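Chains, contacts and geometry: an overview
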Amino acid sequence: MKKTIFITASVFGLLAVILGAFGAHGLEKMVTTDAVATFETGVRYQMYHAFFLFVVGLLPGLSKKTRQIVYTLVVIGIVLFSFSIYLLALNDITTFDFKTIGIITPIGGVFLLMSWGYLGYRVFKEI
């Protein structure tokens, strides 16, 4: 499980750097300043949670089940939250109206909140 967590954290971190560079150097020519700021929010939260996954992988004393649950919550959260923000920020340059799927952004945020809350609870119980 730890290896999966570290690989996923590395991939999410790598993607955050790539997407952050795109947002800073390419996206600003294609969309509004507000859309760039929105995009950067998605990148920032993705990177925060990539680091969070590294911490989950490194914390001693956590059960495998706890790691799996936190991992799942974070992955779902990043995909729903950050990736939907990327699509919403790119809305002006696509033919599909991504605002129709905007409801998944806060759902992703709830998954991220649950990952933090669940980890805190399990650390209190297990360590």
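Above: the structure in question.
Description of the structure in this document. (Residues numbered from 1 in each chain as written. Predicted model: local features only at pLDDT ≥ 70, side-chain atom pairs only at ≥ 80, totals over all residues. Heavy atoms only, no water.)

1. With respect to the packing of helix α3 (residues 64–89) against helix α4 (residues 104–126)
Interaxial distance between α3 and α4 falls to 7 Å at its minimum, and their mutual angle equals 155°. Taken together, the axis directions place α3 and α4 in an arrangement best described as roughly antiparallel. Pair α3 / α4 crosses with left-handed handedness. Residues belonging to the contact of α3 with α4 are distributed by class as follows: 17 nonpolar, seven polar and two charged. (Axes fitted to C-alpha atoms, helices over the stretch in contact; angles between N-to-C directions. Helix = DSSP H or I, 4+ residues; strand = E, 2+ residues; numbered from the N terminus. Parallel < 35°, antiparallel > 145°, perpendicular 65-115°, else oblique. Left-handed = near helix turned anticlockwise from the far one by under 90°. Nonpolar A, V, L, I, M, F, W, Y, C, P; charged D, E, K, R; others polar.)

2. A look at the nonpolar core
Counting 16 residues, the largest nonpolar core has F52, L53, V56, V70, V74 and L119 as its most contacted members. Among the elements that make up this core, the one with the highest residue count is α3 (six residues). Beyond its immediate sequence surroundings of up to four residues, L119 is in contact with F52, V56, L59, L62 and V70. Counting residues in hydrophobic clusters, the runner-up holds eleven residues, among them L19, F39, V43 and A89. (Core = buried A, V, L, I, M, F, W, Y, C linked by side-chain atoms within 4.5 Å. Buried < 20%, exposed > 50% of the residue type's maximum accessible area, 1.4 Å probe, protein only. Contact = heavy atoms within 4.5 Å.)

3. Comments concerning the environment of I76
Looking at the secondary structure, you find I76 in helix α3. The exposure class of I76 is partly exposed, given its relative accessible area of 32%.

4. Structural notes on the packing of aromatic side chains
Counting across every chain of the model gives eight aromatic pairs. Arranged with centres 5.9 Å apart and planes meeting at 70°, the rings of F22 and F39 form a pair that is edge-to-face. Taken together, the positions of F22 in helix α1 (residues 2–25) and F39 in helix α2 (residues 33–58) put the pair 17 residues apart, joining distant regions of the chain. Accessibility expressed as a relative area gives 32% for F22, which makes it partly exposed. (Phe/Tyr/Trp six-rings, centres within 6.5 Å; stacked < 30°, edge-to-face > 60°.)

5. Some details on a nonpolar patch on the surface
A surface patch of nonpolar side chains, amounting to about 250 Å² of accessible area, comprises F22, M30 and I93. Structurally, I93 is set in the loop between α3 and α4. For I93, a relative accessible area of 40% gives the class partly exposed. (Patch = residues over 30% accessible without salt bridge, like charges linked within 9 Å, V, L, I, M, F, W, Y side chains within 5 Å. Areas by Shrake-Rupley, 256 points an atom, 1.4 Å probe, with all protein chains shown as cover. Salt bridge = Lys/Arg side-chain N within 4 Å of Asp/Glu carboxyl O.)

6. Some thoughts on the side chain of S115
For S115, the location among the structural elements is in helix α4. You can call S115 buried: its relative accessible area is 0%. One polar contact links the side chain of S115 to the main-chain carbonyl oxygen of L112, over a distance of 2.6 Å. (Polar contact = N/O pair within 3.5 Å; in protein donor to acceptor, adjacent residues only side chain to side chain.)

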